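Survey of secondary and tertiary structure
Residues per chain are reported as follows:
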Protein chains: 4
Amino acid sequence: MNLIVKPRRKPSQSRAWMTSGAIQDAFLLLVVEHGYEQVSIRDIATLAGVGLGTLYLYFPGKDSIAAVTVRSRLRRLAADTQAACATGVPRTLAETVHVLARVHVHTLLGEAAPWRALLVLERRITPPGVYRELYKAFVQVLRDACAVAIDWPAELDPERSALNAFAIIDALVKNALLVQDVCPDADELLHDVECAVNGYFQKALERSRAATASA
Amino acid sequence: MNLIVKPRRKPSQSRAWMTSGAIQDAFLLLVVEHGYEQVSIRDIATLAGVGLGTLYLYFPGKDSIAAVTVRSRLRRLAADTQAACATGVPRTLAETVHVLARVHVHTLLGEAAPWRALLVLERRITPPGVYRELYKAFVQVLRDACAVAIDWPAELDPERSALNAFAIIDALVKNALLVQDVCPDADELLHDVECAVNGYFQKALERSRAATASA
Amino acid sequence: MNLIVKPRRKPSQSRAWMTSGAIQDAFLLLVVEHGYEQVSIRDIATLAGVGLGTLYLYFPGKDSIAAVTVRSRLRRLAADTQAACATGVPRTLAETVHVLARVHVHTLLGEAAPWRALLVLERRITPPGVYRELYKAFVQVLRDACAVAIDWPAELDPERSALNAFAIIDALVKNALLVQDVCPDADELLHDVECAVNGYFQKALERSRAATASA
Amino acid sequence: MNLIVKPRRKPSQSRAWMTSGAIQDAFLLLVVEHGYEQVSIRDIATLAGVGLGTLYLYFPGKDSIAAVTVRSRLRRLAADTQAACATGVPRTLAETVHVLARVHVHTLLGEAAPWRALLVLERRITPPGVYRELYKAFVQVLRDACAVAIDWPAELDPERSALNAFAIIDALVKNALLVQDVCPDADELLHDVECAVNGYFQKALERSRAATASA
DNA sequence: CATGAATGAGTATTCATTCAT
DNA sequence: CATGAATGAATACTCATTCAT
């Protein structure tokens, strides 16, 4: 028989948001500067301006800080992307792709250094399950945005197309930040992304029609 | 390489090769089973059947084992890809893309489980610099392969095109292994990859010509 | 702010007594269940139904709670023992020993489980100084009780005899609670205790007289 | 098979014994000086002259060091006691008690300071189960020693008598070390112990015979 | 009087690495 | 070449305590 039920002590709401944010910011800053392994819990607490014990009121451990930091920022990016597509104006598929790509490219290249750090961190700490979950959140946004395009070709499978389209966008942008020696101009990158996505849609459509015709 | 085998001096080298391989295999096995963090140098040495000190004769440290394991396998993939394109037969760009994509897709999906483990590990441990280096090795292969296509369009920048093309191939294949719930059929995936790459080349060419014309 | 001065002055004291008791009870309960090390100040405060800071109004720290809990209970036992001997009726030494032993044996074996817990706790937390102090309190009671026995032999040193007598009583009772697999019957134990104490007195007297005679 | 017997160095065993002993000695020394809580693993390792990690090759943790230190010393005392009784010469019960008591008293008072420290430590760290186990080991020794006395009275239960006799010896000796302000002379203490034990045996016998006669 | 959010000192423990054999 | 006993640097985390409310 256990007489003690230990409840998770929880900080108050308004303060919680601030403190948690400060901790995440401090964490990301330190990771950028020194790398994940070299960042100690003490460093984070110090830079965040909170006590060591306080940090543990908000996060159960170091891994959790990393996970929340990555997830919150990527989810926010997904939300921003969705918001950018949410205008009631009817759009063609090419226009939709343009908007989607532009948000992605400009957001990340607009603050290249922190995003590069976040992406490196994400590779480092995100377990496969979370990776999949985050990925799919983006795919949902793309699928919904493309599906309402006025010229969406019925021949294409929305789910599969969106998956591939996002993979392409994501790959090219990560390419720019993580692989290329000198980060390319945002508009050049945007151009390539649009080429790739629109080219994929067009070619997929051609092949689909060819297959149907031959059948 | 030297085709003349001199058996007298080789035992140490062949032993070295064997031991190093055994260590890498043990390492990969343990990582798949327990995760990178949980694998200790001792575990690796024990499973590889070598002494603790012996391990340090072959690798300077734990990180090195991980790095070599990942690098050697990815470099071998790059080499296989290069070899597949190395036949003297002239080819069109589309044929080249087909060969490249097919090697990549079939190699990885042919042994999906170990490759998935390797890719997860690679995300986990590869530092940015090594990532870039490995990526570029693949880009070189693509660039060289495409550049000799009989219909390579002079308007396209080989380097940039190859970079984007490999990003697309890589993204779609990783997608299949790491994101999708059920790993797609290799031929379906190959189809998508070809659509995306060929579509990208085509659209890039169109835009390039349009830009030139308008100028 | 309440500017009206409340005439009652006592609530604080009765409240103080209640709260302190609740804290001690909670502490003892938790120690019995989880062991001293596992009990945190938070647990005690929670189970006692008081705030964390409130606890510090009654006790300066964790050790103090343990010390007070043990001391108050052992002092009460000493007081009860003293009270049992305090009747004005003249008694022989054997009768006195009987009363003393009976109180000790029946009190502890009457509620064996909690007393066992208390004795285990006492071993665990009582520092040497406090142990000595508590021990001497009991010795005082014994000495005073024996000294007024109508047949107290002048040859025996009261202090030393009482010390040994209490050591014997205490040892046999603790034996019963802490060592023996099955707690013996109270009357059997009482019999042994009386044998030992009376036997000690008798033998000590014999030797004392023999020594005097030979001198 | 290697038939050549290599002179196997046994640094492991002889070294193990030395190192373990050094650690225990260091531990006991530090506990005497600063108290159990204040002794850190680091201090122990430093004073023992071994590395921090080395300590963990011999003991799984701090508690283990304490437990082994206490148990090994108390078991050695029990073994010494047993050895002292092991002479083939027939003895009376009183002679046996004398030998037993003398070993106990002289051993502990002979090195009062370290034994006091050990007993304080024992109270502090020994869990009830271990306490019982150690206690019973001593009782065994007493029972076996008394049972072969040439005048052992058949009326007494050997187990119960030995339990009480040891409780008395133990109590008076601990008394001397832990309670009394000035440690008494060994011979005086021995006198008291013999009085108490012999008195107990005599009185128990009297009562037993009285009970039999009345029945 | 009562509270509990915030604090940070203090420590056990792991494990990569070395070097004597 | 091979070994593994010995090492100690490095760090996450707990929990008693305080003090502003």
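Residues numbered from 1 in each chain as written. Chains lettered and ligands numbered in written order. Predicted model: local features only at pLDDT ≥ 70, side-chain atom pairs only at ≥ 80, totals over all residues. Heavy atoms only, no water.

1. A few points about the packing of aromatic side chains
One pass over the structure, following the stated rule, counts 24 aromatic pairs over all chains. Between the aromatic rings of Phe27(A) and Tyr36(A), the centroid separation amounts to 6.1 Å while the plane-to-plane angle is 90°, which identifies the pairing as edge-to-face. Relative to Phe201(D), the ring of Trp152(D) has its centre 5.8 Å away and its plane inclined at 85°; by these criteria the two rings are edge-to-face. In this pair, Trp152(D) is assigned in the loop between α7 (128-147) and α8 (158-179) and Phe201(D) in helix α9 (residues 186-214), connecting sequence segments 49 residues apart. For the pair formed by Trp152(D) and Phe201(D), the shared burial category is buried. Pairwise contacts between aromatic rings join Tyr131(A), Tyr135(A), Phe138(A) and Phe166(A) into one cluster. It is Arg123(B) that lies over the ring of Tyr131(A); its NZ or CZ is 3.9 Å from the centre. Over the face of the ring belonging to Tyr36(C) we find Lys62(C), whose NZ or CZ atom lies 4.9 Å from the ring centre. (Phe/Tyr/Trp six-rings, centres within 6.5 Å; stacked < 30°, edge-to-face > 60°. Helix = DSSP H or I, 4+ residues; strand = E, 2+ residues; numbered from the N terminus. Buried < 20%, exposed > 50% of the residue type's maximum accessible area, 1.4 Å probe, protein only. Lys NZ or Arg CZ within 6 Å of the ring centre and 35° of its normal.)

2. A closer look at the interface of chain B and chain A
At the interface, 37 residues of chain B touch 37 residues of chain A. Three residues, Arg123(B), Val179(B) and Arg207(B), lead the burial of chain B against chain A; their summed loss comes to 19% of the area buried on that side. The salt bridge involving Asp181(A) is made with Lys136(B); its shortest N-O contact spans 2.5 Å. For the interface between chain B and chain A, the tally reads 10 residue pairs in polar contact (both at pLDDT 80 or more). Residue assignment for the side of chain B that touches chain A shows that the elements contributing at least two residues are α6 (112-125), α7 (128-147), α8 (158-179) and α9 (186-214) of chain B. Sorting elements by how many residues they give to the side of chain B that touches chain A places α9(B) first, with 14 residues. (Contact = heavy atoms within 4.5 Å. Buried area = accessible area lost by both parts, 1.4 Å probe. Salt bridge = Lys/Arg side-chain N within 4 Å of Asp/Glu carboxyl O. Polar contact = N/O pair within 3.5 Å; in protein donor to acceptor, adjacent residues only side chain to side chain.)

3. Notes on α7(B)
Across its 20 residues, α7(B) extends 28 Å between first and last C-alpha, which sits within 8% of the 28 Å expected from 1.5 Å per residue. Of the residues making up α7(B), those classed as buried are Val130(B), Tyr131(B), Leu134(B), Tyr135(B), Phe138(B), Val139(B), Val141(B), Leu142(B), Ala145(B) and Cys146(B). (Expected span 1.5 Å × (residues − 1).)

4. Examining the confidence of the model for chain A
Looking at chain A, the pLDDT average stands at 90 and 93% of residues meet or exceed 70. Confidence over residues 1-8 of chain A falls short of pLDDT 50; this stretch has nine contacts with residues more than four positions distant or in other chains. (pLDDT = per-residue confidence, 0-100.)

5. Structural notes on the domain arrangement of chain A
Residue and element names in this part refer to chain A. The domains assigned to chain A are domain 1 (7-60) and domain 2 (66-214). Between the C-alpha centres of domain 1 and domain 2 there is a distance of 31 Å. The interface is formed by nine residues belonging to domain 1 together with 10 residues belonging to domain 2. Ranking the residues of domain 1 by area buried against domain 2 places Gln24, Leu28 and Tyr36 at the top, with a combined share of 55%. (Domains from an automatic or database assignment.)

6. Things to note about the nonpolar core
Taken as a class, soluble globular proteins show a tendency for nonpolar side chains to be buried jointly. One finds Ile23(A), Phe27(A), Ile44(A), Phe201(A), Phe27(B), Ile44(B) and Phe201(B) to be the most contacted residues of the largest nonpolar core, which totals 150 residues. Excluding its chain neighbours within four sequence positions, the residues that come into contact with Ile23(A) are Ile44(A), Ala48(A), Val50(A), Leu55(A), Tyr58(A), Phe59(A) and Ile65(A). Grouped together as the second largest cluster of nonpolar side chains are 146 residues, Cys85(C), Leu93(C), Val139(C) and Leu77(D) included. (Core = buried A, V, L, I, M, F, W, Y, C linked by side-chain atoms within 4.5 Å.)

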